[in-house]
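Notes for the structure review
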Amino acid sequence: AQPATLRAQPAALNAPSLPFCTPSLPPYAPQVAFDLGQCLLHRRYSYRGVVVGFDRTCQQSEAWMRSMNVDTLKHGRNQPFYHVLPDTRDRPGAQLTYVAQENILADAPSEPVQHPMTAEMFEGFDLERGRFVPNAQLRVQYPPASTPE
């Protein structure tokens, strides 16, 4: 439309007709609270683990979200989800899990989480801080959690 036409028809400028004016944030969009190498306890299943990646919202398929009842969580799919290496003493089989932020409790263990992939993803374990030190490749793939999008 021509500028003169738009001035003559102010109703044409309402927000719903302009998609770039519509807020796109989900109703609950918390910051990523856990960083790479941070150790955790799963709130529901009580296993120990270490964060190896994260998504700001659930990025799994609709079928996966249905099968895991993601939408029944307090904050559903609109919260950070973390890629976690569970301790093999708690969950045998060298698994990789995907965990909603609301199901994570921070942990600073006196010994490292045991999983065969920790040596590939981390430079070592900082006993004083109770967390793993991410390698350069992992840090490039996932900038620090406090970095805004």
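In this text the structure is predicted, and so the values were computed from the model without any measurement.

Our next topic: the nonpolar core. Counting residues in hydrophobic clusters, the biggest one holds 22 residues, and the most contacted among them are Y82, F122 and F132. Taken together, the elements giving at least two residues each to this core come down to β1 (39-42), β2 (48-55), β3 (81-86) and β6 (122-126). A total of 4 residues in this core trace back to one element, the largest contributor, which is β2. Every residue in contact with F122, bar those within four places of it in the chain, is listed here: L36, G37, V50, V51, V52, F132, V133, P134, N135 and L138. Counting residues in each nonpolar core, the second largest holds 7 residues, with C58, V70, F81 and A100 among its members.

Overall, antiparallel pairing links the 5 strands, which are arranged β4-β3-β2-β1-β5 in an open sheet. The open sheet is flanked by β4 (97-100) and β5 (104-107), the only strands paired with a single partner. In this sheet, adjacent strand axes meet at a mean angle of 50° when their direction is disregarded. Here β2 pairs with β3 via 6 bridges, running antiparallel. Bridge pairing links V51 to V84 in β3.

So, about the confidence of the model for the protein. Per-chain confidence: the protein averages 82 in pLDDT, with 77% of residues scoring 70 or above. In the model, residues 1-26 has pLDDT below 50 throughout and makes 8 contacts with residues more than four positions away in sequence or in other chains.

When we look at a pair of aromatic rings, we describe it by the centre distance and by the angle of the planes. Inspection of every chain in the model, using the stated rule, returns 7 aromatic pairs. When the ring of W64 is compared with that of Y98, the centres are 5.6 Å apart and the planes differ by 70°; the resulting orientation is edge-to-face. One end of the pair, W64, is in helix α2 (residues 62-67); the other, Y98, is in strand β4, and 34 residues separate them in sequence. Residue class for W64 comes out partly exposed when judged on its relative accessible area of 22%.

The next point concerns the pattern of salt bridges. In this structure the tally under the stated criterion is 7 salt bridges. A salt bridge links R89 to D87, with the shortest nitrogen-to-oxygen separation between them at 2.5 Å. R89 serves as the salt-bridge partner of E111, at 2.7 Å between the closest nitrogen and oxygen. Of this pair, E111 sits in the loop between β5 and α3 (118-121) while R89 sits in the loop between β3 and β4; the two residues are 22 residues apart in sequence, bridging distant segments of the chain. Using a relative accessible area of 35% as the deciding quantity, one classes R89 as partly exposed. Salt bridges here are not isolated pairs; linked through shared partners, they connect E62, D71 and R77.

About the thresholds
Counting of residues starts from 1 at the beginning of each chain's written sequence and follows it residue by residue. Reporting in this predicted model follows two pLDDT cut-offs: at least 70 for local features of residues, and 80 or more for side-chain atom pairs to be given and counted; totals over whole chains, interfaces and linings ignore these cut-offs and use all residues. As a rule here, side-chain values come from all non-hydrogen atoms in the structure, and water together with hydrogens is ignored. Residues belong to a common nonpolar core when they are buried Ala, Val, Leu, Ile, Met, Phe, Trp, Tyr or Cys residues joined through side-chain atoms within 4.5 Å. Here's how the labels work: a residue is buried when its accessible area is under 20% of the maximum for its type, exposed when over 50%, partly exposed in between, all with a 1.4 Å probe on protein chains only. To qualify as a helix, a DSSP run of H or I must reach at least 4 residues; to qualify as a strand, a run of E must reach at least 2; elements of each kind are numbered from the N terminus. What makes two residues a contact is simply this: any of their non-hydrogen atoms within 4.5 Å. Two strands are counted as paired when DSSP detects at least two bridges linking them. Note on geometry: axes are lines fitted to C-alpha atoms, helical ones only across the stretch in contact, with angles between N-to-C directions running from 0 to 180 degrees. As a per-residue quantity, pLDDT reports the predictor's confidence and falls between 0 and 100. Aromatic pairing here means that ring centres of Phe, Tyr or Trp (its six-membered ring) are within 6.5 Å. Orientation follows from the plane angle: under 30 degrees is stacked, over 60 is edge-to-face, and everything else is tilted. Think of a salt bridge as a Lys or Arg side-chain nitrogen and an Asp or Glu carboxyl oxygen that are within 4 Å of each other.

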